[in-house]
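Per-entry structural report
Residue strings, one per chain:
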Amino acid sequence: MSKSIPVRRCRYPTDIPSLAKYILSDNDCKSIGVLTGAGISVASGIPDFRSTGGMYDTLRPELITATPRERKLMESDPTDVVSWNIFHANQFPYLEVRRPFILGTQQQQWKATLGHWFFDLLEQKTTKLTRLYTQNIDGLFYQLANLPPEKLVDVHGTIANVTCELCNHPIPLTDFCDKVRKNIKDIYNIDADAPKESTHILCEKCNQPTVKPTTVLFGRSLPQEFFELSEQDMPKLDLLIIAGTSLVVSPANTLVFLASKDAARVLINREPAGETLGLDCSKEASESESHRDLFLQGDCDNVLLELTKELGWMDDLLKLRNKLPPASASLLSNS
């Protein structure tokens, strides 16, 4: 007589209250993965590079220290300003365009949002967080108190860490920012103490002008740890939370279908996303306890605030009010 194969049986979450119960269940949910995008940082007020009025839309190549050829490339495609094609020959376009963002990151000009701190509480309260993958380069997750560095994967790199693009020699962010203030001109005319002309920032190890934050340049590969850890993490997940992303950028979006076929998948976003990846955002799917996909429509802060209430973590969140940006703090005060 053949032995029957155990089949995982559980009721998948269909709304925020049942999602909270699922997260707290030690039987159904033991391993949680997270993928975040730009939507989780909206409340911080951080600049959006791609939108109207953002860095690419307002780029003025004539102000940048570059050759005529490099300026033509940037005029044709503004994303070339952060490409390997230009950076390997000239570090100034990247550093001049991102100067305010680099210095603002070091000064914590932008604060981690309520959404960021939710995942800090998730780790603190449950220890079920296997890994958090973020597509954002803003470094806001580094402001959290309880998220171990080994559980954070910067899929596209981060402004918060600095290395040499050639030899990978690391440089403390504070030291690098001192050199940015001294060596890199301000094309935005907001820093009266900035130099009039840019001079190279050299790597202390290889002496090449290839030092920059670890953000992934166009034309370069993603960090190897993304591929290695996602292959390791995804098959064992019981829950994948996807927050604030349209899921159009590959290979980050592959986490959707790499997750275990038994894992619940929850999308928190203003609009449906991921249909071409097999994610079902329909009302019928979300309301079915036998269907693993749940779409929670709205801003990340709003949805995660409601989830915090259901989890019983509001007292902990209220203690963080002074650490939040104004938009998140106002939402919390009015809840």
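Structure's up top.
An account of the accompanying structure is given in this report. Predicted model, so just to flag it, every value in this text is computed and none were measured. (Residues numbered from 1 in each chain as written. Predicted model: local features only at pLDDT ≥ 70, side-chain atom pairs only at ≥ 80, totals over all residues. Heavy atoms only, no water.)

1. Things to note about the overall build of the chain
A tally of helices and strands in the chain yields 13 helices and nine strands. The C-alpha atoms of the chain give 22 Å as radius of gyration, which agrees with the globular expectation for 335 residues (20 Å, within 12%). Projected onto its principal axes, the C-alpha coordinates of the chain cover approximately 75 × 50 × 35 Å. In the chain, buried positions account for 55% of the 335 residues. A fraction of 70% describes how many contacts in the chain between residues 6 or more apart in sequence connect residues 24 or more apart. (Helix = DSSP H or I, 4+ residues; strand = E, 2+ residues; numbered from the N terminus. Rg over C-alpha atoms; globule rule 2.2 N^0.38 Å. Buried < 20%, exposed > 50% of the residue type's maximum accessible area, 1.4 Å probe, protein only. Contact = heavy atoms within 4.5 Å.)

2. A word on the pattern of salt bridges
Pairs can form between side chains of opposite charge whenever their charged atoms are close. A complete count under the given rule lists 15 salt bridges for this structure. In this structure, aspartate 316 and lysine 125 form a salt bridge, with 3.1 Å as the shortest nitrogen-oxygen distance. Of this pair, aspartate 316 sits in helix α12 (residues 314–318) while lysine 125 sits in helix α6 (residues 114–126), and the two are 191 residues apart along the sequence. Classification of lysine 125 by relative accessible area gives partly exposed; the value is 38%. Between arginine 181 and aspartate 178 there is a salt bridge; the shortest N-O distance is 3.5 Å. (Salt bridge = Lys/Arg side-chain N within 4 Å of Asp/Glu carboxyl O.)

3. Some words on the packing of helix α5 (residues 99–106) against helix α7 (residues 173–183)
Orientation of α5 relative to α7, taken along the N-to-C sense of each, is 140°, at an axis distance of 10 Å. Compared by their axis directions, α5 and α7 come out oblique. Of the two possible hands of crossing, α5 and α7 adopt the one that is left-handed. For the pair α5 and α7, the contacting residues are Arg99, Ile102, Leu103 and Gln106 in the first and Leu173, Thr174, Phe176, Cys177, Val180 and Arg181 in the second. The residue inventory of the contact of α5 with α7, partitioned by class, reads six nonpolar, two polar and two charged. (Axes fitted to C-alpha atoms, helices over the stretch in contact; angles between N-to-C directions. Parallel < 35°, antiparallel > 145°, perpendicular 65-115°, else oblique. Left-handed = near helix turned anticlockwise from the far one by under 90°. Nonpolar A, V, L, I, M, F, W, Y, C, P; charged D, E, K, R; others polar.)

4. A short note on the sheet that holds strand β7 (residues 239–243)
Spatial strand order, β3-β2-β1-β7-β8-β9: six strands in an open sheet with parallel pairing. In this open sheet, the two strands that pair with only one neighbour each are β3 (152–154) and β9 (293–297). Direction aside, the axes of adjacent strands within the sheet are offset by 15° on average. As defined by bridge partners, strand β1 (residues 32–36) adjoins β7 across five bridges and the pair is classed as parallel. Directly across from leucine 35, in β7, lies its bridge partner isoleucine 242. Across the sheet, helix α8 (residues 224–233) is in contact with β2 (129–134) and β3; its angle to β2 comes to roughly 145°. Packing against the sheet, helix α11 (residues 300–311) makes contact with β7, β8 (264–269) and β9, and its axis sits at approximately 130° to β8. (Pairing = 2+ DSSP bridges.)

5. Here we look at the environment of aspartate 120
Examined against the element boundaries, aspartate 120 turns out to sit in helix α6. Separated by 54 residues in sequence, aspartate 120 and threonine 174 place their C-alpha atoms 25 Å apart. Leave out the neighbours within four places in its chain, and aspartate 120 touches Leu144, Ala145, Asn146 and Leu147.

6. Quick notes on the pairing of β7
Of all five residues in β7, five are buried, a share of seventy percent or more. Of the two faces of β7, the one carrying Leu239, Ile241 and Ala243 and the one carrying Leu240 and Ile242 are both buried. Where β7 and β8 come together, five bridges link them in parallel fashion. Its bridge partner lying in β8, isoleucine 242 is registered against leucine 267.

7. Considerations on the packing of aromatic side chains
Going through the model one piece at a time under the given rule, you end up with six aromatic pairs. Ring geometry for phenylalanine 226 and phenylalanine 227: centres 5.2 Å apart, planes at 75°, overall edge-to-face. Judged by its relative accessible area of 1%, phenylalanine 226 falls in the buried class. Judged by relative accessible area, phenylalanine 227 falls into the partly exposed class, the value being 35%. Cluster of aromatic residues (ring-pair linked, three or more members): Phe118, Phe119 and Trp313. The ring of tryptophan 84 has arginine 220 lying over it, and the distance from NZ or CZ to the ring centre is 3.9 Å. (Phe/Tyr/Trp six-rings, centres within 6.5 Å; stacked < 30°, edge-to-face > 60°. Lys NZ or Arg CZ within 6 Å of the ring centre and 35° of its normal.)

8. Some details on helix α1 (residues 16–24)
Listed as buried for α1 are Ile16, Leu19, Ala20, Tyr22 and Ile23. Along the axis of α1, the buried positions cluster into a sector of 160°, meaning they face one direction only. (Arc of directions from axis to C-beta.)

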